[in-house]
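The primary structure of each chain is shown beneath.
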Amino acid sequence: MHQILHLFADPFAFRQVLPDVWSGFLINVHMMLIAEALVLALALLIAVVRGLPGPAAKPLRALAITYTDFFRGTPLIIVAYAFIIGIPGLRYAGISGYSNEVYGIAALTVVYTAYVTEVYRAGIESVHGSQRMAARSLGLNYGQALRYVVLPQAIRRVIPPLLNDFIGLQKDTAIIGAIGVIEAGAQANNFASEYFNFTGFLVAAVLFIYLTIPLARFTDHLIRERELRERAAMV
Amino acid sequence: MSVTPDFVSLRGVTKRFGELEVLRNVDLDVAEHNVVCLIGASGSGKSTLLRCINLLEKVDEGTIVVDGQEVTNGTVDVNALRRKIGIVFQAYNLFPHMTVIQNVMLAPRKVRALSREAARSTAMELLQRIGLADKAQEFPDRLSGGQQQRVAIARALAMNPKLLLLDEITSALDPQLVAEVLNLVRSLTDVGMTMIIATHEMSFAREVADRICFLDAGVIWEQGPPAEILTAPREARTREFLARVLEGGRM
């Protein structure tokens, strides 16, 4: 027992490793914030494209479906390897010269965009057709009905699952660390190899938990609030 | 016959959902400032008929002319057409994420491109007219069904439609809320609004309609002045339907 505590939760090691893990963790937060902003926008775009009506939009719809199928089915670590190791290896002037962090953010973005597209799509489909019909019968065109009537309702409904996906994204920033960005997990790993002490992992875990718990509670709060509102609406 | 040209003319309109013919060879004319009531059992095609007129449904055969313009030839600007035609649904279909006044302002702002101030003042006038000015900032789920339906009517009127289609707008309401909605519709007949009304409220139809059409299985079996259709129908089907309605206590 003492041995375990010494290896995983040593107070001296804790103090020693904290600054490095903390500075690494800021990189996690940084990657997460940028990726989340990109995911929110891109996923919405793809979800909308996937819902476009008519035969003219068929190729676009097919493209959107292919994208989500492909990146939802591919493990993040493989996409991350392909981006971080693969793209610089291509030596293309335009895209090969960025830092590992940039490729890491790109990998997180393309994978999570695929998940979040499905979340948005479920939200859009949950808005009853009569809402769109009411909007269209007032003379609003397809885009206006979507923009002012369907999407505001759809997005409100999917905020809890969106936040859940973002908790996943926050944690998965550590996978990027395994490949070549010196974030919290990688800092902890460096410390572990140097001193044969794993306290750094505990520190990193605690930092991640500190970040996700408020988000998880906030998600719970939103879900509860909606349940209350729906119950009130039924009375 | 009528001197004013018909505002709406349907000729040989047929609509199918798969194998099922929901409208069969329907002819209907509605002159400006006239009120036509469609009666008939649920599933007789009344709603579909209304939805075909503002192109929410596509007709399979026949032509529909609205305001001198054929709308069934596939070249018409549907959004421009719908600006002229208001429709109110049985289930209100208010936008739940918007307040009452936002519901009324949306189309004038985005479709008629009115300024926020202009849209707000016309919306407030309408809400005053329907007696709900004090609910302007409420969300629809805080209103009774009758109030929601009045807001839905105001939302349609905010576009200054030349034709109003009312699709069984009191069918989802508790009996004590029906009157407030019908009173509002009655006030619209006073200002000469052209309306086509699908309804189960026979006494209301008798009162406001210039003409009543009886539909069954997608066919208009007879049409004429209320007194004729409701008291001395020629068709056996109409008599049967009216007898059933009478039993149900809706006369």
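Note that the structure is predicted; figures quoted are calculated from it, not measured.

## Here's the deal with the interface of chain B and chain A
Now for step 1: With 18 residues of chain B at the contact, the number on the chain A side is 17 residues.
Now for step 2: Sorting the residues of the side of chain B that touches chain A by element identifies helix H2 (78-84) and helix H3 (100-110) of chain B as the ones contributing at least two each.
Now for step 3: For the side of chain B that touches chain A, the class distribution of residues is 10 nonpolar, 4 polar and 4 charged.

## Comments concerning the sheet that holds strand S10 (residues 219-224) of chain B
Residues and elements named next belong to chain B.
Now for step 1: A sheet is described by the order of its strands in space; here 6 strands give the open sequence S6-S7-S8-S3-S9-S10, paired in mixed fashion. If you trace the sheet from one side to the other, it starts and ends with strand S6 (85-88) and S10, each paired once. Between one strand axis and the next, the sheet turns by 15 degrees as a mean value, whatever way the strands run.
Now for step 2: Sitting on the sheet, helix H5 (residues 145-157) is in contact with S6 and strand S7 (163-167), with an inclination near 170 degrees to S6.

## Focus on the confidence of the model for chain A
Residues shown with low pLDDT carry predicted positions that ought not to be read at fine detail.
Now for step 1: On average, chain A scores 89 in pLDDT, and the residues at 70 or more come to 97%.
Now for step 2: Looking at the elements of chain A, mean pLDDT is at its lowest for helix H1 (residues 2-8) of chain A, recorded as 81, and at its highest for helix H6 (residues 129-137) of chain A, recorded as 96.

## Notes on the packing of helix H7 (residues 142-179) of chain A against helix H8 (residues 184-195) of chain A
All names here are of chain A.
Now for step 1: Relative orientation of the contacting elements H7 and H8 amounts to 50 degrees, with a least axis distance of 7 Å. On the basis of their axis angle, the class for H7 and H8 is oblique. Residue-level contacts link Ala174, Gly177 and Ala178 of H7 to Ala184, Gly185 and Ala186 of H8.
Now for step 2: Of the residues contributing to the contact of H7 with H8, the split by class is 4 nonpolar, 2 polar and no charged.

Criteria and thresholds
Residues numbered from 1 in each chain as written. Chains lettered and ligands numbered in written order. Predicted model: local features only at pLDDT ≥ 70, side-chain atom pairs only at ≥ 80, totals over all residues. Contact = placed C-beta atoms within 7 Å. Helix = DSSP H or I, 4+ residues; strand = E, 2+ residues; numbered from the N terminus. Nonpolar A, V, L, I, M, F, W, Y, C, P; charged D, E, K, R; others polar. Pairing = 2+ DSSP bridges. Axes fitted to C-alpha atoms, helices over the stretch in contact; angles between N-to-C directions. pLDDT = per-residue confidence, 0-100. Parallel < 35°, antiparallel > 145°, perpendicular 65-115°, else oblique.

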